[in-house]
Amino acid sequence: MKILESFDTKLDIEELNEAFNKYWEWKVLLIKRHWIKLLLPLALTLLSIFMLMLMLYSIYIHTFEEHKITFWVLAIFYSYTTISWCLFVVISIIIRINYWTKSKTQYIENPEKILDIKKKWFDKFMKRTFLTFWIHTIVLIFNASFPFIYIKTTWLWSAAVAIWILFIDLVFLFLLNRVMYLLIEYEMTFNICTIDWLTTYRQKWFFKSDSLKINSASIKVIKSTKEWIISALFKYWNLCIYTDWDLSVQWGKNLELTYMPDPSTLAKRLNTLIEEKNPTNEENYASAQ
């Protein structure tokens, strides 16, 4: 899935294949962020399911007796679009977490592994998210107008019910937006290291992406930092990359890769790879530990 030049869901695969074609396998490293970054979108998706069930319950107790057909139409819409989207996201995230927790290495050195990880799920996620957003927007408009179209004096606090359901609708759309943003950031932020270059990509939204390419000869030290008990427990920290030239203000003076899985092992692997072109890096890394 591609939106202009700033958003391409297959960018990591394309860049990795290009690097493999030039440098061959085992001389290319693709690094993604630690799976702990998936816990927040997982929690938000579970919260979305709760909000949807609460909405259906609110519609049920206020409309079911006099508008049974309307209720079941809404229930079917939610079941086959919105709730199914939530379950798809939850299952996909759990599969990815399970994959990485069982993986022997936390980085990618051959093209087959990234194909095993992606399996087109991200494209499906984006398409289903867009579809769910538009369907839910239509249902939101209907939920907001329904009590005012079918006004009955027997309804108690009909305006309050409409406002409450509208509020739940808006909360769900907000949660959907956050889940999409967090998964885009996770899936499309990655780093590729070869014997010549270290390239890092950061995707924030559809039309905001940054990339930085550093010549391996300019890298002097790759150092792993360890902070907090949670980071130690789940084996994720930061990698600080020191070069002999200043980076842009946006990236800082030196490059820091955050949420890196097993950074001590990763730092050694990166230094071994870069060492083929710059023999001084191994000594610099040893002195930095």
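Just so it is clear, the model here is predicted, and its values are computed rather than measured. (Residues numbered from 1 in each chain as written. Predicted model: local features only at pLDDT ≥ 70, side-chain atom pairs only at ≥ 80, totals over all residues. Heavy atoms only, no water.)

## Observations concerning the sheet that holds strand E5 (residues 197-205)
On the basis of which strands lie adjacent, the open sheet formed by 4 strands has the order E3-E4-E5-E6 and antiparallel pairing. The sheet terminates laterally at strand E3 (28-32) and strand E6 (208-215), the two strands that pair on one side only. Mean inter-strand twist for the sheet, computed between neighbouring axes without regard to direction, equals 15°. Note that E5 and E6 share 8 bridges and pair antiparallel. Bridging from a neighbouring strand, tyrosine 201 pairs with serine 211 of E6. Sheet strands touched by helix H1 (residues 11-23): E3, strand E4 (190-194) and E5. Its angle to E4, the strand with the most contacts, is close to 5°. Along the sheet, helix H8 (residues 263-275) contacts E3 and E4; its crossing angle with E3, the most-contacted strand, is approximately 150°. (Pairing = 2+ DSSP bridges. Helix = DSSP H or I, 4+ residues; strand = E, 2+ residues; numbered from the N terminus. Axes fitted to C-alpha atoms, helices over the stretch in contact; angles between N-to-C directions. Contact = heavy atoms within 4.5 Å.)

## Some words on the environment of glutamate 15
Relative to the elements of secondary structure, glutamate 15 occurs in helix H1. Note on glutamate 15: relative accessible area 22%, which makes it partly exposed. Separated by 177 residues in the primary sequence, glutamate 15 and isoleucine 192 place their C-alpha atoms 8.0 Å from one another. Excluding residues that lie within four positions of it along the chain, glutamate 15 makes contacts with Phe190, Ile192 and Tyr201. Side chain to side chain, glutamate 15 and tyrosine 201 meet in a polar contact 3.0 Å long. (Buried < 20%, exposed > 50% of the residue type's maximum accessible area, 1.4 Å probe, protein only. Polar contact = N/O pair within 3.5 Å; in protein donor to acceptor, adjacent residues only side chain to side chain.)

## Considerations on the pattern of salt bridges
Applying the stated criterion to the full structure yields 1 salt bridge. For glutamate 185, the salt bridge goes to arginine 33, with nearest N and O atoms at 3.9 Å. Highlighted residues: glutamate 185 in helix H6 (residues 158-187) and arginine 33 in the loop between E3 and helix H2 (39-63), separated in sequence by 152 residues. (Salt bridge = Lys/Arg side-chain N within 4 Å of Asp/Glu carboxyl O.)

## Regarding H8
Owing to its 3.6 residues per turn, the α-helix aligns residues three or four sequence positions apart on the same side. Taking 1.5 Å per residue, 13 residues should reach 18 Å; H8 reaches 17 Å between its end C-alpha atoms and fits that length. The buried fraction of H8 amounts to 10 of the 13 residues, a majority that puts the element mostly inside the structure. Taken together, the buried positions of H8 are Pro263, Ser264, Leu266, Ala267, Arg269, Leu270, Asn271, Leu273, Ile274 and Glu275. (Expected span 1.5 Å × (residues − 1).)

## Observations concerning the pairing of strand E8 (residues 236-243)
Consecutive residues of a regular strand have side chains that alternate between opposite faces of the sheet. Along E8, 7 of the 8 residues are buried, which leaves the element largely enclosed by surrounding structure. Looking at chain direction, E8 and strand E9 (residues 255-261) are connected through 5 bridges and run antiparallel. Bridge pairing links cysteine 240 to glutamate 256 in E9.

## Thoughts on helix H3 (residues 68-102)
Taking 1.5 Å of rise per residue, the 35 residues of H3 would be expected to cover 51 Å, and the 48 Å separating its terminal C-alpha atoms lies within 8% of that figure. The largest bend in H3 is about 40°, located at serine 79. (Bend = angle between axes of the 7 residues up to and from the residue.)

## Some points on the side chain of arginine 269
Along the chain, arginine 269 turns up in helix H8. For arginine 269, the contacting residues outside a window of four places in its chain are Trp26, Leu29, Tyr107 and Glu109.

## Looking at the confidence of the model for the protein chain
Close reading of the predicted structure is inappropriate where its pLDDT is low. This prediction gives the protein chain a mean pLDDT of 77; 77% of its residues lie at or above 70. Per-residue pLDDT, averaged within each element of the protein chain, yields its smallest value for helix H9 (residues 281-288) (46) and its largest for E4 (87). In the predicted structure, residues 153-157 sits below a pLDDT of 50 and forms 8 contacts with residues beyond four places in sequence or in another chain. Here residues 282-289 scores under 50 on pLDDT; set against residues more than four positions off or in separate chains, the count is 13 contacts. (pLDDT = per-residue confidence, 0-100.)

## Details of the packing of aromatic side chains
Scanning the entire structure with this criterion turns up 9 aromatic pairs. Ring centres of tyrosine 99 and tryptophan 100 lie 5.7 Å apart, and the angle between their planes is 90°; this geometry places the pair in the edge-to-face category. Taking the relative accessible area as the measure of exposure, tyrosine 99 reaches 29% and is therefore partly exposed. Through successive ring pairs, a cluster of aromatic residues spans Trp85, Trp121, Phe122, Phe125 and Phe172. One cation-aromatic arrangement involves lysine 37 over tyrosine 259; the distance from NZ or CZ to the ring centre is 4.5 Å. Sitting over the ring of phenylalanine 88, arginine 128 keeps its end group 4.8 Å from the ring centre. (Phe/Tyr/Trp six-rings, centres within 6.5 Å; stacked < 30°, edge-to-face > 60°. Lys NZ or Arg CZ within 6 Å of the ring centre and 35° of its normal.)

## Regarding a positive patch on the surface
Together, Lys120, Lys124, Lys127 and Arg128 give the surface a local cluster of positive charge. Looking at the element boundaries, arginine 128 is found in helix H5 (residues 121-149). (Patch = residues over 30% accessible without salt bridge, like charges linked within 9 Å, V, L, I, M, F, W, Y side chains within 5 Å. Areas by Shrake-Rupley, 256 points an atom, 1.4 Å probe, with all protein chains shown as cover. Lys, Arg positive; Asp, Glu negative; His and termini not counted. Charge placed at Lys NZ, Arg CZ, Asp CG, Glu CD.)

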